[in-house]
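Spelled out from the first residue to the last, the chains are:
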Amino acid sequence: MFMRPTAALAALFLMNAPLALAADKPTDPQIAHIAYTAGSIDIEAAKLAIKTSKNKEIVAFAKDMERDHEAVNSQALDLVKKLKVTPEDNDTSKALAKAAKEERAKLAKLKGSEFDKAYIENEVAYHKQVNGALETLLIPSASNAELKSLLETGLKIFQGHEQHAEHVAGMLK
């Protein structure tokens, strides 16, 4: 299966994270930044899809992504303010942002059904990999109970996103 660069980077992060961070698991401020960055990436992709696609299913899906990820990111910002924690930029956040920028540039060059197919395939792969990272690294590494709870809630929402993306992808075939 062809994976977009953003999803490929997330997969690489997921596969290498236990090795790279085994001795130095991410801190809560780093986890907060990674999670917020991942949400922001999907918000930007959704905005592009809303602007570009003419397919009502793609646009509806993208609007759901924009709404849900903005809500979770808002909750995350409220939590870090409450806890007086400053999210800490890190190599993972930077790599995710860089790959997402490159992916958006590629998607922006596509039109019609080519765009729709590439966007939804990326959404399936991206949610699959982010959900895996949440389950195997971010949630287990979080030491603050409220942060862990927010990540667990986010995971449930994003698992639903993955299923919805798979459904929409199936409709495009």
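Residues numbered from 1 in each chain as written. Predicted model: local features only at pLDDT ≥ 70, side-chain atom pairs only at ≥ 80, totals over all residues. Heavy atoms only, no water.

Trainee: Before we move on, could you go through empty space enclosed by the protein and cite the residues and values that matter?
Mentor: Rolled over the atoms, a probe sized like a water molecule indicates the empty space that remains. Scanning the entire structure with this criterion turns up 2 cavities of 30 Å³ or more. Put simply, the largest cavity is a space of about 300 Å³. If you go around the largest cavity, you meet 28 residues; those closest to its centre are Ala35, Tyr36, Ala38, Leu134 and Leu151. It is helix 5 (residues 112-141) that contributes the most residues to the lining of the largest cavity, 7 residues altogether. Considered class by class, the residues forming the lining of the largest cavity number 22 nonpolar, 6 polar and no charged. (1 Å grid on protein atoms, 1.4 Å probe; cavity = no way out; pocket = protein on both sides within 12 Å on 5 of 7 lines; lining within 4 Å. Points joined across faces, edges and corners; volume = space filled by probe spheres on them. Helix = DSSP H or I, 4+ residues; strand = E, 2+ residues; numbered from the N terminus. Nonpolar A, V, L, I, M, F, W, Y, C, P; charged D, E, K, R; others polar.)

Trainee: If you had to explain the nonpolar core to someone new, which residues and values would you point to?
Mentor: Judged by nonpolar contacts, the single largest core of 21 residues is most densely connected at Ile31, Leu134, Leu138, Leu147 and Leu151. Looking at this core, the elements with two or more residues in it are helix 2 (28-52), helix 3 (56-83), helix 4 (91-108), helix 5 and helix 6 (145-172). A total of 6 residues in this core trace back to one element, the largest contributor, which is helix 5. When sequence neighbours within four positions are dropped, the list of residues in contact with Leu147 reads Asp28, Ile31, Leu79 and Ala142. (Core = buried A, V, L, I, M, F, W, Y, C linked by side-chain atoms within 4.5 Å. Buried < 20%, exposed > 50% of the residue type's maximum accessible area, 1.4 Å probe, protein only. Contact = heavy atoms within 4.5 Å.)

Trainee: I'd love a proper account of the packing of aromatic side chains, names of residues and values included.
Mentor: Inspection of the entire model under this criterion finds 2 aromatic pairs. Geometrically, the ring pair formed by Phe61 and Tyr119 is edge-to-face, given 6.2 Å between the ring centres and 70 degrees between the ring planes. On the criterion of sequence distance, the pair formed by Phe61 in helix 3 and Tyr119 in helix 5 is long-range, its members being 58 residues apart. Of the two residues examined, Phe61 and Tyr119, each falls in the buried class. Consider the rings of Phe115 and Tyr119, whose centres lie 5.9 Å apart with planes at 5 degrees: the pair is stacked. You can see Phe115 and its partner Tyr119 sitting in helix 5, 4 residues apart, about one turn around the helix. A residue is classified by how much of its surface remains accessible, and Phe115, at 0% relative accessible area, is buried. Aromatic ring contacts, followed pair by pair, group Phe61, Phe115 and Tyr119 into a single cluster. (Phe/Tyr/Trp six-rings, centres within 6.5 Å; stacked < 30°, edge-to-face > 60°.)

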